[in-house]
Amino acid sequence: MRRRFMFRLTEAIYLLVSLAVCATGIGAYLYINETTNNREYTNLSRSAQTIAALIDPTRIERLSVSPTDLVHPVYAELKTDIVAIKDANPDLRFVYLMAQRENKILFIVDSEDPRSEDYSPPGQEYPEASPELYAAWDPETESVLEISEDRWGNWISALAPIRNANGETVAIVGLDQSADVHRAAFVTQVALVILATLALLTLLGI
């Protein structure tokens, strides 16, 4: 009788500890989801807003948003600034400014080397523009975060408006992170949590 009681007690303890381990694993997953996704998204959006606030809209208004900007000194200045931002943030793949003309989204300047096949010259249309990208021109919008796919890959993009003194949106600053890299980092962290949980349950079983 005593042996049976001890056996059941051991089973109960094992069950409780197993549930505690599983609960810890679930909690760790939720924490990773919060820190890896939400916090990273928030930081990306804030970075876009900060950069947008630092760019002088009057410089953009002096450009024609066409290939003729290539010889404009303001374009050269913006190009230098955008490349510097990208170099200072190695987690970003693209940094760019966009304008809207006749309901078309056009590149003003991007961070790519002109010799790169990913380079977008001033005035190049972006036909893959999403509803979220168009929404970034809304006067009530501070920033937009979208997960999208285009000819260059899959991206997590933060978009923030650059407004002139009249409150009009003259351009959008965009920051792109590789969605694949982001997903890989998230999956790796979750996999480690799952393996640790299974290892603890196995040890408890033994």
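Structure shown above.
First things first, this report covers the structure right here in the doc.

Rules used in this analysis
Residues numbered from 1 in each chain as written. Predicted model: local features only at pLDDT ≥ 70, side-chain atom pairs only at ≥ 80, totals over all residues. Heavy atoms only, no water. Helix = DSSP H or I, 4+ residues; strand = E, 2+ residues; numbered from the N terminus. Buried < 20%, exposed > 50% of the residue type's maximum accessible area, 1.4 Å probe, protein only. Contact = heavy atoms within 4.5 Å. Areas by Shrake-Rupley, 256 points an atom, 1.4 Å probe, with all protein chains shown as cover. Salt bridge = Lys/Arg side-chain N within 4 Å of Asp/Glu carboxyl O. Pairing = 2+ DSSP bridges. Axes fitted to C-alpha atoms, helices over the stretch in contact; angles between N-to-C directions. Expected span 1.5 Å × (residues − 1). Arc of directions from axis to C-beta. Phe/Tyr/Trp six-rings, centres within 6.5 Å; stacked < 30°, edge-to-face > 60°. Lys NZ or Arg CZ within 6 Å of the ring centre and 35° of its normal.

1. Remarks on the overall build of the protein
- The number of helices and strands found in the protein is five helices and five strands.
- Going through the 206 residues of the protein one by one, you find that 39% of them count as buried.
- Of the contacts made within the protein by residues no fewer than 6 positions apart, 57% connect residues no fewer than 24 positions apart.
- Working note: accessible area of the protein is about 12100 Å², and carbon and sulfur atoms make up 59% of it.

2. A few points about the side chain of S111
- Along the chain, the position of S111 falls in the loop between β2 (104-110) and α4 (131-135).
- A relative accessible area of 9% means that S111 is categorised as buried.
- Not counting chain neighbours up to four residues away, the residues in contact with S111 comprise K79, I82, V83, K86, R93, F94 and V95.

3. Observations regarding unusual backbone geometry
- Phi at E102 takes a positive value of approximately 50°, unusual for a residue other than glycine.
- Along the chain, E102 falls in the loop between β1 (94-101) and β2.
- Overall, E102 belongs to the exposed group, its relative accessible area being 77%.
- Here the phi dihedral of N103 falls at roughly 65°; this positive angle occurs in a residue that is not glycine.

4. A short note on the pattern of salt bridges
- Applying the stated rule across the entire model yields seven salt bridges.
- Residue E128 pairs with R151 through a salt bridge whose shortest N-O separation is 3.0 Å. Here E128, found in the loop between β2 and α4, pairs with R151, found in the loop between β3 (144-150) and β4 (153-163); they are 23 residues apart in sequence, far enough to count as distant.
- Within this structure, R59, E77 and D81 form a network of salt bridges that share partners.

5. Regarding the sheet that holds β2
- A sheet is described by the order of its strands in space; here five strands give the open sequence β2-β1-β5-β4-β3, paired in antiparallel fashion. Edge positions in the open sheet fall to β2 and β3, since each of these has one partner strand only. Direction aside, the axes of adjacent strands within the sheet are offset by 35° on average.
- Where β1 lies against strand β5 (residues 169-178), five bridges are found, and the strand directions are antiparallel. For L97, the partnering residue across the bridge sits in β5 and is V173.

6. Quick word on the pairing of β1
- Of all eight residues making up β1, six are buried, and the element is well covered by its neighbours.
- When β1 meets β2, the two strands line up antiparallel, connected through six bridges. For Q100, the partnering residue across the bridge sits in β2 and is I105.
- Between β1 and the antiparallel strand that follows it, β2, lie two residues; E102 among them carries a positive phi value of about 50°.

7. Concerning the pairing of β3
- The alternating pattern of β3 places V144, E146, S148 and D150 on a buried face, while none of L145, I147 and E149, on the opposite face, is buried.
- With seven bridges joining them, β3 and β4 adopt antiparallel strand pairing. Its bridge partner lying in β4, I147 is registered against I156.
- Counting the residues that bridge the hairpin from β3 to β4 gives two residues.

8. What to know about helix α3 (residues 73-88)
- Taking 1.5 Å per residue as the helical rise, α3 with its 16 residues ought to reach 22 Å, and the 23 Å between its terminal C-alpha atoms agrees with that figure.
- Of the positions making up α3, those classed as buried are V74, Y75, L78, K79, I82 and I85. Down the axis, α3 shows its buried residues gathered within 135° of arc, on one side only. Counted as exposed and oriented over 90 degrees from the buried face of α3: P73, T80, D87 and A88.

9. Considerations on the packing of aromatic side chains
- Under the defined criterion, the tally for this structure stands at six aromatic pairs.
- Each ring, one from Y96 and one from F107, has its centre 6.0 Å from the other, and the planes form 75°; the classification is edge-to-face. Here F107 lies in strand β2 and Y96 lies in strand β1, a separation of 11 residues in the sequence. This pair shows no difference in class: Y96 is buried, exactly as F107 is.
- Among the aromatic residues, those joined into a cluster by ring pairs are F94, Y96, F107, Y126, W152 and W155.
- Here the basic side chain of R93 rests over the ring of F94, its NZ or CZ set 4.2 Å away from the ring centre.

By themselves, these are just geometric observations and shouldn't be taken as functional.
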